[in-house]
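Descriptive analysis of the structure
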Amino acid sequence: MAYKQRILSGMRASNPRLHLGNYEGALRNWVKLQDDFKLYCMVADYHALTTMGDIPDNIGAYSREVAKDYISAGIDPRQSSVFIQSHVPEHAELHLIFSMVTGVGKLERVPTYKEKKEDLAEGRAVSYGLLGYPVLQSADILLYRPHGVPVGKDQAPHLELSREIARSFNSAFDCDVFPEFKDIIDEDDLRSKVPGLDADDNGVLRKMSKSYDNCIYLTDTEDEVARKVKGAFTTPSKIKKSDPGIPEGCAVCQYLKLYSADWKTLWDEDVQGERGCMQNKSVLIDVLNEFLRPFRERRASLDDSTIESMLKQGAEEARQCASETLSLAKKAMRLT
Ligand code: AMP
């Protein structure tokens, strides 16, 4: 098999179902890249524990479901290594090593740490895991000494700290164990921030997110998709078909842009008052269900034992690379 450069990506297992935002903002790109790169595709179960606020009751089952979503979305376990973070203990070990070369002040200044800290319920203590989240993330990435990390545009700043940690390690131990990796950025604005089915109190579309309960999940049935689309937010001032629509602020039109080849015509007709919102919704239900059909078919063929053996094999493959990196790091530290 021809040599492929390595890339690494993953999502937290904080809930068992991935939505269209997760697909468009991340997974779609991974699927595309796996033909040209050796993809290490991680389900980040430890990361799902870092806020401590809403610890999933069955994180093992959640992780398996996320892995099934990866494969349903087109990740091919024959060419990519799909694995669960905690099944590759090198992640925890490199995290510990990196914690020795990372300043606390640097971690305290990470914007997502500040936000998450404020989001914690009153009286709940900040865990070390929350502060150290980017250190674990750096270990996740750098264990694979990757050529690059596919990432949504808004996520790119998070990776800078991983590069700094790599440089700190290399400089502290006078080595080049961790080479620079690239951000492989998907520049598409709509894909990197897919709106949810609803709008905020000011009538502005907001990001699709489990916490807003405004998602279309990759596992939704045809009927669920139809029901959700029928209730989706459209231009509030478009009461009759002849009223002009504002597609930029309409969730249904945004999804049409993503999933219908005819979206430009549909948008024009919406603006000209030649199409009603119900007509748009009906087109969207059909194209979305057509789009999700292969996802549903792949998922139907995955039972728990199939996914278990895929994950076992994925962890073994990941460990081959991860243990080699860890040996190099320990050698540089004169631990061995
Ligand atoms: P999260 O579920 O927040 O852990 O996100 C996992 C991945 O999905 C990250 O790469 C996010 O950038 C991406 N993602 C989450 N929600 C959206 C969304 N509404 N639009 C685009 N990407 C998203």
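Conventions adopted
- Residues numbered from 1 in each chain as written.
- Predicted model: local features only at pLDDT ≥ 70, side-chain atom pairs only at ≥ 80, totals over all residues.
- Heavy atoms only, no water.
- Axes fitted to C-alpha atoms, helices over the stretch in contact; angles between N-to-C directions.
- Helix = DSSP H or I, 4+ residues; strand = E, 2+ residues; numbered from the N terminus.
- Parallel < 35°, antiparallel > 145°, perpendicular 65-115°, else oblique.
- Contact = heavy atoms within 4.5 Å.
- Nonpolar A, V, L, I, M, F, W, Y, C, P; charged D, E, K, R; others polar.
- Salt bridge = Lys/Arg side-chain N within 4 Å of Asp/Glu carboxyl O.
- Buried < 20%, exposed > 50% of the residue type's maximum accessible area, 1.4 Å probe, protein only.
- Core = buried A, V, L, I, M, F, W, Y, C linked by side-chain atoms within 4.5 Å.
- Domains from an automatic or database assignment.
- Buried area = accessible area lost by both parts, 1.4 Å probe.
- Polar contact = N/O pair within 3.5 Å; in protein donor to acceptor, adjacent residues only side chain to side chain.
- Near = heavy atom within 4 Å.
- Areas by Shrake-Rupley, 256 points an atom, 1.4 Å probe, with all protein chains shown as cover.
- Pairing = 2+ DSSP bridges.
- Right-handed = clockwise from strand over helix to strand, strands pointing away.

1. Remarks on the packing of helix H2 (residues 59-72) against helix H14 (residues 304-332)
- Interhelical geometry of H2 versus H14 gives an angle of 85° and a closest axis separation of 10 Å. By the angle class used here, H2 and H14 are roughly perpendicular. Here Arg64, Ala67, Lys68 and Ile71 of H2 come into contact with H14, specifically with Asp304, Ile307, Glu308, Met310 and Leu311.
- Its residues assigned to classes, the contact of H2 with H14 comprises five nonpolar, no polar and four charged.

2. Brief notes about the pattern of salt bridges
- Following the criterion strictly, the structure yields 23 salt bridges and no others.
- A salt bridge links Glu269 to Arg275; its shortest N-O distance comes to 3.4 Å.
- Judged by relative accessible area, Glu269 falls into the partly exposed class, the value being 24%.
- When salt bridges that share partners are traced, they join Glu65, Lys68, Asp69, Arg299 and Asp304 into one network.

3. Examining the nonpolar core
- Judged by nonpolar contacts, the single largest core of 57 residues is most densely connected at Leu20, Leu27, Trp30, Tyr70 and Leu218.
- There are two domains that each give this core at least three residues, and those are domain 1 (6-187 + 304-332) and domain 2 (195-297).
- Residues contacting Leu20, with those up to four places away along its chain left out, are Val194, Met208, Ile216, Leu218, Tyr259, Leu288, Phe291 and Leu292.
- The next biggest cluster of nonpolar side chains, apart from the first, holds 40 residues, and it includes Phe83, Tyr113, Leu120 and Ala315.

4. What to know about the domain arrangement of the chain
- The domains assigned to the chain are domain 1 (6-187 + 304-332) and domain 2 (195-297).
- The interface of domain 1 with domain 2 comprises 14 residues on the first partner and 17 residues on the second.
- Of the roughly 1300 Å² buried at the junction of domain 1 and domain 2 (both faces included), carbon and sulfur atoms supply 65%.
- Counting the surface domain 1 buries against domain 2, the share from its top three residues, Arg17, His19 and Leu20, is 48%.
- At the boundary of domain 1 and domain 2, one finds zero salt bridges.
- On the surface where domain 1 and domain 2 come into contact, there are three residue pairs in polar contact (both at pLDDT 80 or more).
- Breaking the side of domain 1 that touches domain 2 down by element, the ones donating at least two residues are helix H1 (20-33) and H2.
- In terms of residues, the side of domain 1 that touches domain 2 owes the most to one element, H1, which gives six residues.
- Grouping the constituent residues of the side of domain 1 that touches domain 2 by class yields five nonpolar, four polar and five charged.

5. Brief notes about the site of the ligand
- Around the ligand, the surrounding shell holds 14 residues, and the nearest of these are Gly21, Asn22, Val194, Lys207 and Met208.
- In the complex, the protein chains occlude 80% of the 480 Å² of accessible area that the ligand would expose alone.
- Among the elements of the structure, strand E1 (6-12), H1 and helix H9 (189-192) are those that each provide at least two residues to the shell around the ligand.
- Looking at the shell around the ligand, the element that brings in the most residues is H1, giving four residues.
- Across the shell around the ligand, the residue classes tally to four nonpolar, six polar and four charged.

6. A look at the pairing of E1
- E1 sits mainly inside the fold: five of its seven residues count as buried.
- Bridging between E1 and strand E2 (residues 38-44) involves seven bridges; their strand directions are parallel. Directly across from Arg12, in E2, lies its bridge partner Ala44.
- Read as a crossover between parallel neighbours, the route from E1 over H1 to E2 is right-handed.

7. Some words on unusual backbone geometry
- A positive phi is found at Asp174, a non-glycine position, where the angle reads about 50°.
- One can find Asp174 in the loop between helix H8 (156-172) and strand E5 (182-186).
- In this structure Asp174 comes out as exposed when scored by relative accessible area, which is 73%.
- For Arg334, which is not glycine, the phi torsion reads 60° and is therefore positive.
- Here Arg334 is to be found in the segment after H14.

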